[in-house]
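Chain residues, written in single-letter form:
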Amino acid sequence: MEAVLTHLRGAIERRGYAIGDKLPSEAELCRTLEISRPVLREALRALQTMGLTVSKTGKGTFVVANTVEDPTFGDYAASDLLEMRRHVEIPVAGYAATRRTPENLDHLAHLMERMERETDTTAWVAMDTIFHIAVAEASQNPVFRRVIEEIRDALARQSAFLNELGGRREQSNREHRAIVEALIDGSEHDAVEAMSHHLDRVETTLTDIVRSARTDTPPTEGGPEA
């Protein structure tokens, strides 16, 4: 999928496709690139998240930009989402460290164990959003939990994007583990630092994806495996 995405993104960014152009049909792209339709659709979803294309039901996929500016996750731009998360989740982690209950810690510890064993990206992404809701719940302020639940879909979309294109899962597990350990220790300072570091890494990975080298290397002979 990454090879296909790199190929299509490169063609768009170097004006191989102009704004307003329609990409070839899925059938044509699958045949030309020698890939399966599920792989192609993942790449097309990533292009849309990056803001390069838009898909119109029954009409196809159209180019709407030649450069990646600010990926969109659901209803929210990545920059807006990250700004909000810094202002909410960092202090929430501090509150959670001083207010968490034994039940909160048990839930988070069990969740971490499942996440560290999970190899399926879809299942892991679902638990990732649950993790951040659980931290908010440990703050004992229901408003914080409601805020994180409001952006649950955007968090899941962002998590899937970072895992597919940035290989974030193992690193994210380590960052989540550091947050849980800070909560167990009851250290407000460490919890704030751990959540801040986690969001820093999210931003760095997003930036790396957006600024990735613009190459036009086609998939290897035979294409990615279906």
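Because the structure is predicted, anything quoted here is derived from the model rather than measured. Here the residue numbers are simple positions, counted from 1 along each chain's written sequence. Local features in a predicted model are, by the rule used here, given only for residues with pLDDT of at least 70; side-chain atom pairs are given and counted only at 80 or more, and totals for whole chains, interfaces and linings are based on all residues. Hydrogens are left out, water is left out, and the side-chain values use all remaining heavy atoms of the structure.

## Some points on the overall build of the protein
Strands here are runs of E lasting at least two residues and helices are runs of H or I lasting at least four, both read from the DSSP assignment and numbered beginning at the N terminus. Of the regular secondary structure elements, the protein holds 10 helices and 4 strands. Tracing the protein from N to C terminus, the helices and strands come up as α-α-α-β-β-β-β-α-α-α-α-α-α-α. The principal-axis extents of the C-alpha atoms in the protein amount to approximately 55 × 30 × 30 Å. Residues are treated as being in contact if the distance between any of their heavy atoms lies within 4.5 Å. Partitioning the intrachain contacts of the protein with sequence separation of at least 6 by distance along the chain shows that 73% fall at a separation of at least 24. Only the protein chains shown count as cover for residues, with accessible areas throughout obtained via the Shrake-Rupley method and a probe of 1.4 Å. Summed over all atoms, the accessible surface of the protein reaches about 11600 Å², with 47% contributed by carbon and sulfur.

## Let's talk about the packing of helix 5 (residues 102–117) against helix 6 (residues 121–138)
Helix 6 packs onto helix 5 with a crossing angle of 160° between their chain directions and a minimal axis gap of 10 Å. The angle between helix 5 and helix 6 places the two elements in the roughly antiparallel class. The handedness of the crossing between helix 5 and helix 6 is left-handed. Residue-level contacts link Asn104, His107, Leu108, Leu111, Met112, Arg114 and Met115 of helix 5 to Trp124, Met127, Asp128, Ile130, Phe131, Ala134, Val135, Glu137 and Ala138 of helix 6. In terms of residue class, the contact of helix 5 with helix 6 is made up of 11 nonpolar, 2 polar and 3 charged. Throughout, an axis means a line fitted to C-alpha atoms (over the contacting stretch in the case of helices), and angles, computed between N-to-C directions, take values from 0 to 180 degrees. Roughly parallel here means an angle under 35 degrees, roughly antiparallel means over 145, roughly perpendicular means 65 to 115, and every remaining angle is called oblique. Whether a crossing is left-handed or right-handed is set by the direction in which the near helix is turned from the far one by less than a right angle, anticlockwise for left-handed and clockwise for right-handed. Under the scheme applied here, ten amino acids are nonpolar (Ala, Val, Leu, Ile, Met, Phe, Trp, Tyr, Cys and Pro), four are charged (Asp, Glu, Lys and Arg), and all others, including Gly, are polar.

## Notes on the environment of Leu82
Relative to the helices and strands, Leu82 is located in helix 4 (residues 78–99). Along the chain, Leu82 and Asp120 lie 38 residues apart, while their C-alpha atoms are 25 Å from each other.

## Notes on a negative patch on the surface
Taken together, the side chains of Glu181, Asp185, Asp190 and Glu193 define an acidic patch exposed on the protein surface. Of all the secondary-structure elements, those providing two or more residues to the negative patch are helix 9 (169–185) and helix 10 (188–210). Structurally, Asp190 can be placed in helix 10. Type-normalised accessible area, obtained with a 1.4 Å probe on protein chains alone, sets the label of each residue: buried when under 20%, exposed when over 50%, and partly exposed for intermediate values. Taking relative accessible area as the criterion, Asp190 reaches 37% and is therefore assigned partly exposed. In this scheme, patches are assembled from residues that exceed 30% relative accessible area and form no salt bridge. Like charges are connected within 9 Å, while nonpolar side chains (Val, Leu, Ile, Met, Phe, Trp, Tyr) are connected within 5 Å. Salt bridge, as used here, is a side-chain nitrogen of Lys or Arg placed within 4 Å of a carboxyl oxygen of Asp or Glu. His is not counted, nor are the chain ends, whereas Lys and Arg count as positive and Asp and Glu as negative. For this purpose, a charge sits on NZ of Lys, CZ of Arg, CG of Asp or CD of Glu.

## Focus on the packing of aromatic side chains
Geometry of an aromatic ring pair is reported as the spacing of the ring centres plus the angle between the planes. Pairs were defined over the aromatic rings of Phe, Tyr and Trp, the Trp ring being its six-membered one, requiring ring centres within 6.5 Å. Orientation was assigned from the angle between planes: stacked under 30 degrees, edge-to-face over 60, tilted for the rest. Taken as a whole and assessed by the stated rule, the structure comprises 2 aromatic pairs. Where Phe73 meets Phe161, the ring centres are 5.4 Å apart and the plane angle is 65°; that geometry is what we call edge-to-face. Of this pair, Phe73 sits in strand 3 (residues 72–73) while Phe161 is found in helix 8 (residues 152–166), placing the two residues 88 residues apart along the sequence. Among the residues examined, Phe73 registers a relative accessible area of 1% and is labelled buried. By relative accessible area, which is 7% here, Phe161 ends up buried. The interplanar angle of 15° and the centroid separation of 5.9 Å between the aromatic rings of Tyr95 and Phe144 together place this pair among those described as stacked.

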